[in-house]
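Structure at a glance
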Amino acid sequence: MEAPPVQYVQTRDGFSIAYGVAGEGIPLVRVPSMYGHFSLQWDRGILDREFRALSENFQAVLFDCRGQGSSTRGLSGTT
């Protein structure tokens, strides 16, 4: 299975959150690890099997937290 394309959603305060979606059905959001970058984890084989299995029965969603991965970087300490 190929890595899902990186998509972006913008928060109300103007930051971009990166996410990827695969499969159909009830949405299942995978909470990222403390320091996550879903594209790199996918490329390294960390998420490939897990995400493939989830996407067989659900609409599996991965995301990068604010300030991490492909999401907006350089956040202030007050966010």
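Residues numbered from 1 in each chain as written. Predicted model: local features only at pLDDT ≥ 70, side-chain atom pairs only at ≥ 80, totals over all residues. Heavy atoms only, no water.

On to the environment of Ala60, then. Position of Ala60 among the secondary structure elements: in strand S4 (residues 59-63). Between the C-alpha atoms of Ala60 and Val21, which are 39 residues apart in sequence, the distance is 5.6 Å. Not counting the four nearest positions on each side in its chain, Ala60 is found in contact with Gly20, Val21, Ala22, Leu28, Phe51, Leu54 and Ser55. (Helix = DSSP H or I, 4+ residues; strand = E, 2+ residues; numbered from the N terminus. Contact = heavy atoms within 4.5 Å.)

Attention now moves to the pairing of strand S1 (residues 7-10). Inspection of the sheet shows S1 paired to strand S2 (residues 16-22) by 4 bridges, in the antiparallel sense. Residue pairing across strands places Tyr8 opposite Ala18, the latter belonging to S2. Connecting S1 to the next strand, S2, in antiparallel fashion are 5 residues, including Gly14 with a positive phi near 90°. (Pairing = 2+ DSSP bridges.)

Where S2 meets S4, 4 bridges bridge the pair, whose relative direction is antiparallel. Bridge assignment links Tyr19 to a residue of S4, and that residue is Phe63. Direction of pairing for strand S3 (residues 27-30) relative to S4: parallel, over a ladder of 4 bridges. Among the inter-strand pairings, Leu28 is bridged to a residue of S4, identified as Ala60.

What follows deals with the pattern of salt bridges. Inspection of the entire model under this criterion finds 2 salt bridges. Residue Arg66 pairs with Asp13 through a salt bridge whose shortest N-O separation is 3.1 Å. Here the residue Arg66 occupies a position in the segment after S4, and Asp13 occupies one in the loop between S1 and S2, the gap between them amounting to 53 residues. In this structure Arg66 comes out as partly exposed when scored by relative accessible area, which is 31%. We note a salt bridge from Arg30 to Glu50, for which the minimum N-O separation is 2.7 Å. With a gap of 20 residues between them, Arg30 in strand S3 and Glu50 in helix H2 (residues 48-55) connect regions that are remote in the sequence. Its relative accessible area of 22% is what places Arg30 among the partly exposed residues. On the accessibility criterion, Glu50 (32% relative accessible area) is partly exposed. (Salt bridge = Lys/Arg side-chain N within 4 Å of Asp/Glu carboxyl O. Buried < 20%, exposed > 50% of the residue type's maximum accessible area, 1.4 Å probe, protein only.)

One open sheet accounts for 4 strands, arranged S1-S2-S4-S3; its pairing is mixed. Each having just a single partner strand, S1 and S3 make up the two edges of the open sheet. Direction aside, the axes of adjacent strands within the sheet are offset by 35° on average. The sheet contacts of H2 involve S2, S3 and S4, and relative to S4 the element is tilted by about 145°. (Axes fitted to C-alpha atoms, helices over the stretch in contact; angles between N-to-C directions.)

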